[in-house]
Amino acid sequence: PNGTGRTLRRMDAVRGRSDDLIILRGVNVYPAQLEDALLRLGQTSPHYHVTLTRSGLMDELTLQLEVAAPAVSAAALAAEVERQVKAQVGVTIRCQPCEPGSLPRSEGGKLRRKAALAARTALLKTALAQLPPRQDPDGLVVPDSLEGL
């Protein structure tokens, strides 16, 4: 037992998901759905890169993909991929065709997402630490502690 008398470890707060689900403007999107739309076209390689950004209040998904044949028009392919994803998944995305072999091959996408989340959390903590303490409408001082973020 530890100092609290518990015989088992205490569980920390649940901090988020660990699967590949992306919630884009209220729609659940799995990267496998995007891959399925790409493979149905047949003009792209199975290698792609998904980037989720926030512009203002809206999330935006950018899909970088490798063109399978150089003879394919990049603009026409991008428009067709955007249309296919909108029809199959129900979200509007931005597509950026790339040259074959130009996208990095990854075995640990979740590792990069966790590192990016840790960097954003550290940035948020730094920004919050620089804010002066404020009072809520009831006159209580909001604590400076950032525990739990």
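What counts and how
- Residues numbered from 1 in each chain as written.
- Predicted model: local features only at pLDDT ≥ 70, side-chain atom pairs only at ≥ 80, totals over all residues.
- Heavy atoms only, no water.
- Pairing = 2+ DSSP bridges.
- Helix = DSSP H or I, 4+ residues; strand = E, 2+ residues; numbered from the N terminus.
- Axes fitted to C-alpha atoms, helices over the stretch in contact; angles between N-to-C directions.
- Contact = heavy atoms within 4.5 Å.
- Buried < 20%, exposed > 50% of the residue type's maximum accessible area, 1.4 Å probe, protein only.
- Polar contact = N/O pair within 3.5 Å; in protein donor to acceptor, adjacent residues only side chain to side chain.
- Salt bridge = Lys/Arg side-chain N within 4 Å of Asp/Glu carboxyl O.

Visitor: Please clarify how the sheet that holds strand β4 (residues 58-67) should be interpreted in this entry.
Guide: Whenever strands of a sheet pair, they do so through backbone hydrogen bonds, lying parallel or antiparallel. In space, the three strands of this open sheet follow the order β3-β4-β5, with mixed pairing throughout. The open sheet has two edge strands with one neighbour each: β3 (44-55) and β5 (94-98). Pairs of neighbouring strands in the sheet enclose a mean axial angle of 20 degrees, with direction left out of account. Here β3 pairs with β4 via nine bridges, running antiparallel. Paired with L52 across the strands is L61, a residue of β4. In this fold helix α1 (residues 31-41) packs onto β3 and β4, with an angle of close to 135 degrees to the strand it touches most, β3. Sitting on the sheet, helix α2 (residues 74-88) touches β3, β4 and β5, and the angle it makes with β5 is about 140 degrees.

Visitor: Would you mind going over the environment of R94 with me for this structure?
Guide: Within the secondary structure, R94 is located in strand β5. You can call R94 partly exposed: its relative accessible area is 45%. Taking the C-alpha atoms as reference points, R94 and T51, separated by 43 residues in sequence, lie 9.9 Å from one another. Residue contacts for R94: discarding those within four places in its chain leaves L61, T62, L63 and E82. Side-chain polar atoms of R94 contact the side chain of T62, separated by 3.2 Å.

Visitor: Would you take a moment to explain the pattern of salt bridges for this structure?
Guide: Charged atoms that come close allow side chains of opposite charge to pair. Summed over all chains, the structure comprises three salt bridges. Across the pair R40 and D36 runs a salt bridge whose closest N-O atoms are separated by 3.1 Å. One end of the pair, R40, and the other, D36, are both in helix α1, four residues apart, so they sit about a helical turn from each other. Judged by relative accessible area, R40 falls into the exposed class, the value being 57%. The exposure class of D36 is partly exposed, given its relative accessible area of 33%.

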